[in-house]
Amino acid sequence: MTFGRRDDRVSIFGALRPITGQTVSRAVVTTYSLDLIAMLGLVLALGGDADTEFEASPLGLVKAFDRVRGKLLVLHQLSRVVAPSAHRSVLPLLDTMMRAVASNERRESWHPKTALVRYASDAGVEWRFWIGSRNLTGSTDRDAGLLLVTSKARTARPVPDIAGLAKDLLSDVHLSAAELAELKSARWLAPPGTSVRSILWRRHGQTRRFIDTPLLARADRGCAVSPFIDRGGLAEVLKAGAPDFSLLTTELAGAGCAPVDGVRFRVDAAPEPAARVSVEQQQDEVVGEFDDPPSTGIHAKLLAVSKGSRTALMLGSANLTGRGLTGPNAEAVAILDITDPALADSLYGFVNGGIDLTPVDVDTTEEKGKERAERELDDLISQFLEVGFSLSYREDGLHLLIGGGEDEALQLARFEVSPFLDPEAWSAIEPGDRSILLIANAPPTSKQTCLVNFRARSLGGPEVCRAWVQTLDVEGVDLERRDRALLARYVGANRFRDWLRSLLDGVDGTGGQRWSDAGLPPGPRDPTGQLAQIFTLETMLAAWARDHKAFESRVAGMMSMLDSFADVFALIPDDEERTAALADVEDVRPFLQAVHDAIGTGS
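What you are looking at is a predicted structure, and each value in this text was computed from that prediction instead of being measured.

Rules behind the numbers
Think of each chain on its own: its residues are numbered from 1, step by step along the sequence as written. Selection of residues for local features in this predicted model requires a pLDDT of at least 70, selection of side-chain atom pairs for listing and counting requires 80 or more, and totals for whole chains, interfaces and linings are taken over all residues. Calculated side-chain values reflect all of the structure's heavy atoms, with hydrogen atoms and water omitted. By definition, any uninterrupted DSSP run of H or I lasting at least four residues is a helix, any uninterrupted run of E lasting at least two residues is a strand, and each is numbered from the N terminus. A 1.4 Å probe rolled over the protein chains alone gives each residue an accessible area, and that area as a share of the maximum for its type sets the label: buried under 20%, exposed over 50%, partly exposed in between. It only takes one pair of heavy atoms within 4.5 Å for two residues to be counted as in contact. What sets the accessible areas is the Shrake-Rupley method with a 1.4 Å probe; for residues, cover comes only from the shown protein chains. Working convention: axes come from line fits to C-alpha atoms, limited for helices to the stretch in contact. Angles between N-to-C directions cover 0 to 180 degrees. If an angle is under 35 degrees, it is roughly parallel; if it is over 145, roughly antiparallel; if it lies from 65 to 115, roughly perpendicular; otherwise it is oblique. At least two DSSP bridges between two strands are required for those strands to pair. Polarity classes work like this: nonpolar for Ala, Val, Leu, Ile, Met, Phe, Trp, Tyr, Cys and Pro, charged for Asp, Glu, Lys and Arg, and polar for all others, with Gly in that last group. Joining through side-chain atoms within 4.5 Å is the link that ties buried Ala, Val, Leu, Ile, Met, Phe, Trp, Tyr and Cys residues into a set, and such a set is a nonpolar core. What a helix should span is 1.5 Å times the count of its residues minus one. Salt bridge, as used here, is a side-chain nitrogen of Lys or Arg placed within 4 Å of a carboxyl oxygen of Asp or Glu. Classification of ring pairs uses Phe, Tyr and Trp, with its six-membered ring standing for Trp, and accepts pairs whose centres are within 6.5 Å; under 30 degrees between planes counts as stacked, over 60 as edge-to-face, and the remaining range as tilted. Here, a charge over a ring is recorded when the distance from Lys NZ or Arg CZ to the ring centre is within 6 Å and its angle to the ring normal is within 35 degrees. Confidence of the predictor at the level of single residues is captured by pLDDT, which takes values from 0 to 100.

### Considerations on the overall build of the protein chain
Then step 1. Across its full length, the protein chain holds 18 helices and 26 strands.
Then step 2. Within the protein chain, the proportion of its 603 residues that are buried is 52%.
Then step 3. Here the contacts in the protein chain between residues at least 6 apart in sequence split such that 75% fall between residues at least 24 apart.
Then step 4. Of the roughly 26400 Å² of accessible surface on the protein chain, 51% is carried by carbon and sulfur atoms.

### Concerning the packing of helix α4 (residues 160-168) against helix α5 (residues 177-185)
Then step 1. Here α4 crosses α5 at 155 degrees, and the two axes come no closer than 7 Å. Overall, the two elements α4 and α5 adopt an arrangement that is roughly antiparallel. Counted together, I162, A163, A166 and K167 of α4 and L180, L183 and K184 of α5 form the full contact between these two elements.

### Observations concerning the environment of G388
Then step 1. Structurally, G388 can be placed in the loop between α11 (365-385) and β19 (389-394).
Then step 2. Residue classification places G388 among the partly exposed positions, given a relative accessible area of 27%.
Then step 3. When near neighbours in sequence (up to four residues on either side) are disregarded, G388 contacts L401, I402 and G403.

### What to know about the pairing of strand β7 (residues 124-132)
Then step 1. When you tally the buried positions in β7, you get seven out of nine residues, the bulk of the element.
Then step 2. Relative to β7, strand β6 (residues 114-121) runs antiparallel, the two being bridged by eight bridges. Each residue of the ladder has a partner; that of Y119, found in β7, is E126.
Then step 3. Between β6 and β7, which pair antiparallel in sequence order, lie two residues.
Then step 4. Here β7 runs beside strand β8 (residues 145-150); their pairing, made up of five bridges, is antiparallel. Each residue of the ladder has a partner; that of G132, found in β8, is G145.

### Comments concerning the sheet that holds strand β16 (residues 310-316)
Then step 1. Spatially, eight strands are ordered β11-β17-β16-β15-β12-β13-β14-β18 in an open sheet, and the strand pairing comes out mixed. The sheet is open, and its two edges are formed by β11 (194-202) and β18 (355-356), each paired on a single side.
Then step 2. With five bridges joining them, strand β12 (residues 221-225) and strand β15 (residues 302-307) adopt antiparallel strand pairing. Bridge assignment links V225 to a residue of β15, and that residue is L302.

### A closer look at the packing of helix α14 (residues 496-505) against helix α17 (residues 548-569)
Then step 1. Viewed as axis vectors pointing N to C, α14 and α17 meet at an angle of 170 degrees, and their least axial separation amounts to 10 Å. The pairing of α14 with α17 is recorded here as roughly antiparallel in orientation. Residues F496, W499, L500, L503 and L504 of α14 form the contact with α17, whose own contacting residues are F551, R554, M558, M561, L562, F565 and F569.
Then step 2. Of the residues assigned to the contact of α14 with α17, the class counts are 11 nonpolar, no polar and one charged.

### Here we look at the nonpolar core
Then step 1. One finds L36, L46, L72 and W499 to be the most contacted residues of the largest nonpolar core, which totals 72 residues.
Then step 2. Apart from residues lying up to four places away in sequence, L36 is in contact with V81, V82, A83, L91, L94, M98, F420, L451 and V469.

### A few points about the side chain of S458
Then step 1. The residue S458 is located in strand β24 (residues 451-458) in this model.
Then step 2. Among all residues touching S458, those that are not within four sequence positions of it are L377 and V464.

### Description of the sheet that holds strand β26 (residues 473-475)
Then step 1. Taken in spatial order, the four strands line up as β23-β20-β19-β26 in an open sheet, and their pairing is mixed. This sheet does not close on itself; its edge strands, each paired only once, are β23 (435-440) and β26. Across the sheet, the mean angle separating the axes of adjacent strands is 20 degrees when strand polarity is ignored.

### Considerations on helix α3 (residues 58-68)
Then step 1. Among the 11 residues that make up α3, eight are buried, leaving the element largely enclosed by the rest of the structure.
Then step 2. Residues of α3 that are buried include every one of P58, L59, G60, L61, V62, A64, F65 and V68, and no others.
Then step 3. Where α3 is buried, its residues touch α2 (36-47), β3 (72-77), α13 (479-491) and α14.

### Let's talk about α2
Helical geometry note: an α-helix holds 3.6 residues per turn, so side chains three or four residues apart project in the same direction.
Then step 1. With 12 residues, α2 ought to run about 16 Å at 1.5 Å a step, and its terminal C-alpha atoms sit 16 Å apart, in line with that.
Then step 2. Residues of α2 that are buried: L36, I37, A38, M39, L40, G41, L42, V43, L44, A45, L46 and G47.

### What about unusual backbone geometry?
Then step 1. Omega for the bond connecting A258 with P259 falls within 30 degrees of zero, at 0 degrees, which places this linkage in the cis form.
Then step 2. Cis geometry marks the peptide bond from G327 to P328, where omega comes out at 10 degrees.
Then step 3. With a phi close to 75 degrees, S79 is a non-glycine residue in the positive phi region.
Then step 4. Relative to the helices and strands, S79 resides in the loop between β3 and β4 (81-82).

### Points about the pattern of salt bridges
Then step 1. One pass over the structure, following the stated rule, counts 27 salt bridges.
Then step 2. Salt-bridge contacts for E182 lead to R118; the nearest nitrogen and oxygen are separated by 2.8 Å. Separated by 64 residues along the polypeptide, E182 in helix α5 and R118 in strand β6 bring together distant segments of the chain.
Then step 3. Looking at R118, the relative accessible area reads 15%, which means it is buried.

### Re the packing of aromatic side chains
Then step 1. Under the criterion given, the structure shown has 10 aromatic pairs.
Then step 2. Here the aromatic rings of F389 and F454 are separated by 5.3 Å at their centres, their planes lie at 50 degrees, and the arrangement is tilted. Here F454 lies in strand β24 and F389 lies in strand β19, a separation of 65 residues in the sequence.
Then step 3. For F389, a relative accessible area of 12% corresponds to the buried category.
Then step 4. Of the residues examined, F454 reaches a relative accessible area of 1% and is grouped as buried.
Then step 5. Grouped by ring-pair contacts, the aromatic residues F384, F389, F415, F454 and W468 constitute a single cluster.
Then step 6. Over the ring of Y119 we find R128; its NZ or CZ atom is 4.1 Å from the centre of that ring.

### Section: the environment of V585
Then step 1. Tracing the chain through its elements places V585 in helix α18 (residues 575-600).
Then step 2. According to the relative accessible area criterion, V585 is buried, its value standing at 0%.
Then step 3. For V585, the contacting residues outside a window of four places in its chain are F496, L562, F565, A566 and F569.

### A closer look at the confidence of the model for the protein chain
Then step 1. With 89% of its residues at a pLDDT of 70 or more, the protein chain shows a mean pLDDT of 88.
Then step 2. Note that residues 285-293 has pLDDT below 50 and, in this model, 27 contacts with residues that lie over four places away or in other chains.

### Digging into the environment of I429
Then step 1. Relative to the helices and strands, I429 is located in strand β22 (residues 427-429).
Then step 2. Residue classification places I429 among the buried residues on the basis of a relative accessible area of 4%.
Then step 3. In this structure the C-alpha to C-alpha distance between I429 and F454, which are 25 residues apart in sequence, comes to 9.9 Å.

Set out below in structure tokens:
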């Protein structure tokens, strides 16, 4: 691609979506901030059918979740998860697929943005590795990334650093020895006109310079893009080999550093990297693609140096700051050699398209005061999170358990907590609190989750506020049973027959609906005798003959779900609807049990 042209921009979801015949067997994504709706879009892209994403059908969502359950993990910075008030009933499905990295942001941040995905098919195994600057959020900022794909083509080259990153930066994921061996022996295709020199990374708390020698000796020009900068970072940039640089940044960041010898400052709009996803916008304006509305600010992190037709380019997650380029932030960057002059020229053109930074005498006291108050609140949040929290589901309801420790943060800011599924039911956390009842009476299994909402407000200015969602260790929840119950509640009585049919003969009876649509109104019970048509010996044999392994797996899954459907349907308040729904379950149970038993004996 080239820089600066909107029609060249690519959806990360589209780049990671399996092709026909592939299934995802392992996926690890790292991000600083995380939007749960964007993560749901990732689940739909990795586990759904081609071109479904946000407009997937209700049963399409169920199938996508089932395909990636136990295979996807998203690592994110602690306290940097957001979720909208809508769609919360289905979002707890994601709580076992995400893991917070407890990096104290007063000192360092978990900041890498990568995706490592393994695909299996009859043709063999394929890995894809993406590295860049984009968070897993709804941001429309201009980001940059690199996608590498394993291949047996003659032009593919080894990139051993990917296996090293997987073993070290992603060590908590515990990739298997076989998976690491595949990565170590793999050969990768890079985009045309580029080759990978190295992949560099740093765990949080570590110090490692990304520019320890010039990227290109005796370079004659250089350019860079970064929304966040400081003088320590720019000193590192000047070691990259060029005598001077054109730097594209934001006006506030540039004004805070300029002037710097060897750096020409240009400015563009500030980014909103944690912007939230609008499901309605994605569905209403998009056909089969996670598309971005018009660009806003710059969020890419790029550094290029050139000599004649040769260019070395560093891109990734690291801002041009001391914490980004030397540590102790956790970061990941790729260093590329660019052999396509058009690509390099487009980057220089993109940077030079910014506006020259012009010193202006503007009173920024109020803006700087708010920024300082936000930083102070972030510091208090980091201190607050060191106390330690967990959830406990008990007979009398849901409790937040608060570990012992320093209560200073609770005296300097107002902290509140609420259940994930009731985000406005805030309870204050006071100094000395060790347990807070979030929900009176134990919720049903389908409404249990590891997720909880937190909110912090500055005592000095209540308008300075930040809310986030967090996963906590939980007592009293069987998460696998919860997943089945939640899916059963989501499918509901009126989609139960469609769900059965979709598993047995592959027909999605909810096609044309969207996963975010409200449930269907109650209707007559099985008006066309659909259950009788599905559960015939001929239908079962035909489904088994098409793919006996897949059929046997589906039947086992259906059996494990029947009790969950019965438990959920037993809670339907309407007597007539409840009786009809439970009768549907009991109608299919004997036949399905017989088929299950027959498969189990090898018949």
